[in-house]
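Descriptive analysis of the structure
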Amino acid sequence: MTAATVVGASALTMVRPGLGWLVAALAGTAALVTAALNTTATPPTTSGPTSTLAAAAPPGPTTQGPTNTTTAAAPSGATRSGTVAATPTATPAPPAAAATARPGATGAPGRAAQVVWAAATIALVAVGTVRAAGWLFALCLLAAVMTGTLAVTGGRSPLGMLVAATLPPAATVRALPWAVRGLRDKQPATSGIAVGRILTSLAVSAGLLLLFGLLFSSADAVFENLVTGLLPDVSSVGVLGWLARLALIGAALLGGAFLVSRPPDLEGLRPTPPRPAHRLEWTLPLVLLVALFSVFVLVQLTVLFGGAGHVLRTAGLTYAQYARGGFWQLLAVTALTLLVIAIAARRAPKATRADRLLVRVLLGTLTGLTLVIVASALYRMQVYADAYGATRLRLVVATVELWLGLLFVLVGVAVVRLRADWLPRLVIGTAVLALLGLALVNPDRLIADRNVDRYLQTGRLDVTYLSGLSADAVPALARLPEPMRVCALGQIAAELPSDGLWGTNLGRDRARRELSSIPLTARADCNGARSW
C-alpha cells in the first residue's frame, strides 16, 4: 500500500493527462487486489465486526449460548459448503449466511462484477495516455471515480449503488484506527532490528543510485532526459504538491483497502415492494400518453422520410429554427419517459396473466415510440451539425442520445421479461462503454475532420474555434490550405511543450511529429477567416 501511494504521488501529472495517471491507477489496483487476496486468505475470527455469520443467521436457539461461538468460528471450508460440522450440536447454517461467513465473500458473481468495474476504471484512466483532449479525460476521470467505487464496494442493486457512492469518505476515516490496529498486531518482536536494517538498505541503495545515475547522466544525453523525467520536482512548490498528492492517494487507497477487507452488505439494501396500484390508476395515464406519443411520432415520420425541406415548407420555419428548435425538448422527453416507465413498471400489478400482458403491451409500445423520438432527435442534431459545423457540445449530446437509445432497447427487453434486476448495472456499464467509444473515435479529430471537409466544400470555417481544439486535431487541421492551416495550428503548436516521462501522451506525440513538417513561422492574416 505504501509503495503504491509513493508511486502514484510521484507519477501523477496535474498539468495535462499522460502516462503517469495510468501508472498510478495500475499501482493502486495492484495494492487493493493484494489487500483483497490477503483478506480472503485470512480465516474469520469470533470477535469484532468481521464475523458476520452470527449476524446473518436467523434468530433462534442456534444464535445463543455455546453453539453461537462454534458457528461463528467455523473454518472457511465448512462455510463454503453451507454446513458447520465443528461440533455435533451445531446447526447447519443457511446458504445465505454461509456466503458471508468470511470478510469479502460476496460470491462469484459479485467478485466477477468487481473485476469488470476495476478493468473499466483502468481503461477510463488510460484514455489520458492516448488522447490529448483535456475535457474528454475529465469526463473519463469522473466516470472512473464511479466505477472504482463500485469495484471496491460491490454494489449491484440501485439503492446499493447509491449508498456505495457515500461509503469511500466514511471508509477513509474508519480505516485509520483499523490500520493502526493492523500494524500493532503484525509488529514483529525484533522491530527495532528490522527497521534499522531497512533504513540501512535504503541509504545504501540511494547512495549507489545517486552516484551511478550522475555518471550515466553525464555520459549520455538521452539517459539524462530519462532520469530528469523520473526525478520529482524538488522545489518548494513541487514538494508541497507531492505531499498533497501523497496524502490524497494514501487516504483513497486506505479507504479502498478497508472496503475490500470488510465489504459492506449492500445486497440487503432493497426497498420494500410498493402497494400495487389499481389497474385504472396507471392504465389510463399510460394510454393517453401512448396516444400523444403516437401522434407526435407520425409527424416525425414525415420528417424522417420527407426531409427537412418538407417541414420548412409546411411549418414556415427557417432552416436554423428547424435545426435547433426541438432537439433539446426531444432530449428531455426521452429522459422523462425513462422515469415514467420505471414508475409504471414498479407500481403496475402483475398478479394475473392479464395484468402482465397489459404491462408488456403499454410499456412496450411506449418504449418503441420513444425509440422513434430518439431517432428524430439524432436527425435534428445531424441537420444542425451539417448546417453550422461540428462542435464538442453537439458531439457529446449526440453521444448521450445514442446511449439513451441503447438504454431504451434494454428497457424493452426488461419489459418483455418483466424483470429488471440486471438493468441498473447495465445502465452504468453502457454509459462507460459510450464514453470509451467516444474516446475511441477521437472526438477532437472527428470534429476537425468534419469542419475541414465542410470548408473544402463551402468555404466556411471558424478558425478561432478550431484553433482551440486539442493536439488530437492536428492531423486533420494539417489538411487545410494556407493560410488557414497556419491560423488553425499556430495556437495549438504554441501550447504544445515537450512532455516528461510521466506526461507521455500518444496524441501530443503524434501532433509534434506532424507539426515538425509544417512551417508555422509565416505570418498570415487570420482575421479574414469566414465563420458560421
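Everything that follows concerns the structure shown earlier in this document.
One structure accompanies this document, and this report is about it. The written sequence of each chain sets the order in which its residues are numbered from 1. Per-residue local features are limited, in this predicted model, to residues with pLDDT of at least 70; the limit for side-chain atom pairs, both in listing and counting, is 80 or more; totals at the level of whole chains, interfaces and linings are taken over all residues. Computation of side-chain values: all heavy atoms of the structure, hydrogens and water removed.

Moving on: the overall build of the chain. Only runs of H or I of at least four residues qualify as helices and only runs of E of at least two qualify as strands under DSSP, and these elements are numbered from the N terminus. Secondary structure summary: the chain contains 24 helices and zero strands in total. Partly exposed residues are those whose accessible area sits between 20% and 50% of the maximum for their type, while under 20% is buried and over 50% is exposed, using a 1.4 Å probe and protein chains only. Looking at the chain residue by residue over its 532 residues, the buried ones come to 39%. In what follows, a contact means two residues having at least one pair of non-hydrogen atoms within 4.5 Å. Taking the contacts inside the chain whose residues are at least 6 apart along the sequence as the reference set, 76% of them involve residues at least 24 apart. For accessible areas, the Shrake-Rupley method is used with a probe of radius 1.4 Å. Any residue's cover is judged against the shown protein chains and nothing else. Counting only carbon and sulfur atoms, one obtains 69% of the accessible surface of the chain, whose full area is about 28,400 Å².

Two rings belonging to Phe, Tyr or Trp (six-membered ring only in the last case) form a pair when the distance between their centres is within 6.5 Å. Interplanar angles under 30 degrees mark stacking, angles over 60 mark edge-to-face geometry, and anything in between is tilted. One pass over the structure, following the stated rule, counts one aromatic pair. Seen from their ring centres, Trp21 and Phe137 are 5.3 Å apart, and the 70° between their planes marks the pair as edge-to-face. Taken together, the residues Trp21 in helix H2 (residues 19–41) and Phe137 in helix H8 (residues 134–153) connect sequence positions 116 residues apart. The pair Trp21 / Phe137 is uniform in exposure class, with both members buried.

With that settled, consider the pattern of salt bridges. Between side chains of opposite charge, a pair can form as their charged atoms come close. Salt bridges are identified by distance alone: a Lys or Arg side-chain nitrogen within 4 Å of an Asp or Glu carboxyl oxygen. Within this structure, the stated rule accounts for six salt bridges. The salt bridge involving Asp444 is made with Arg392; its shortest N-O contact spans 2.8 Å. Remark: Arg392 occurs in helix H18 (residues 392–417) and Asp444 occurs in helix H20 (residues 443–458); sequence separation between them is 52 residues. Accessibility expressed as a relative area gives 23% for Arg392, which makes it partly exposed. Asp449 is the partner of Arg445 in a salt bridge, and the nearest nitrogen-oxygen pair spans 3.7 Å. Taken together, the positions of Arg445 and Asp449, both in helix H20 and four residues apart, correspond to about one turn of that helix.

Surface patches are drawn from residues lacking salt bridges whose relative accessible area is over 30%; two like charges belong together within 9 Å, two nonpolar side chains (Val, Leu, Ile, Met, Phe, Trp, Tyr) within 5 Å. Judged by side-chain polarity, Val204, Leu208, Leu211, Phe212, Leu215 and Phe216 come together as a nonpolar surface patch covering roughly 590 Å² of accessible area. Looking at the secondary structure, you find Leu208 in helix H10 (residues 191–219).

The subject of this paragraph is unusual backbone geometry. The omega angle of the peptide bond from Glu482 to Pro483 is 0°, so this bond is cis rather than trans. On the secondary structure map, Pro483 appears in the loop between helix H22 (474–477) and helix H23 (484–494). One non-glycine residue, Asn442, adopts positive backbone phi at about 60°. Accessibility expressed as a relative area gives 11% for Asn442, which makes it buried.

Another point: the nonpolar core. As used in this record, nonpolar core signifies buried Ala, Val, Leu, Ile, Met, Phe, Trp, Tyr and Cys residues forming a set joined through side-chain atoms within 4.5 Å. Within the largest apolar cluster, 72 residues are counted, with the highest numbers of intra-cluster contacts made by Leu124, Leu136, Leu461, Leu477 and Leu480. With nine residues, H8 is the largest single contributor of residues to this core. For Leu480, the contacting residues outside a window of four places in its chain are Val452, Tyr455, Leu461, Arg485 and Ala488. Counting residues in each nonpolar core, the second largest holds 32 residues, with Trp282, Leu286, Val297 and Trp422 among its members.

So, on to the packing of H8 against helix H19 (residues 423–440). Working convention: axes come from line fits to C-alpha atoms, limited for helices to the stretch in contact. Angles between N-to-C directions cover 0 to 180 degrees. At a closest axis distance of 11 Å, the pairing of H8 and H19 adopts a crossing angle of 150°. Taken together, H8 and H19 sit at an angle that is classed as roughly antiparallel. Where H8 crosses over H19, the two elements pack in a sense that is left-handed. Residues Trp135, Leu136, Leu139, Cys140, Ala143, Met146, Thr147 and Leu150 of H8 lie in contact with H19, whose contacting residues are Ile428, Val432, Leu435, Leu438 and Ala439. Each angle is binned into one of four classes, with values under 35 degrees roughly parallel, values over 145 roughly antiparallel, values of 65 to 115 roughly perpendicular, and all other values oblique. Each crossing gets its handedness from the near helix: less than a right angle anticlockwise from the far helix is left-handed, clockwise is right-handed.

So, about the side chain of Arg508. One can find Arg508 in helix H24 (residues 506–515). The class of Arg508 is buried, set by a relative accessible area of 4%. In protein, a polar contact means a hydrogen-donor-capable atom and an acceptor-capable atom, both N or O and within 3.5 Å, with residues adjacent in sequence counting only if both atoms are side-chain atoms; elsewhere, any N or O pair within 3.5 Å suffices. Among the polar contacts listed, one links the side chain of Arg508 to the backbone oxygen of Pro17, at a separation of 2.6 Å. If we ignore the near neighbours within four places in the chain, the residues touching Arg508 are Arg16, Pro17, Gly18, Ala132, Ala471, Leu496, Asp499 and Gly503.

The terminal C-alpha atoms of H8 lie 29 Å apart, and with 20 residues this matches the ideal 28 Å at 1.5 Å per residue to within 8%. Within the span of H8, buried status applies to Trp135, Leu136, Phe137, Cys140, Ala143, Ala144, Thr147, Thr149, Leu150, Ala151, Val152 and Thr153. Taken from the residues just after H8, Gly154 is the one with a positive phi, measuring 80°. The span expected for a helix works out to 1.5 Å for each residue beyond the first.

This is a description of form; function is not addressed.
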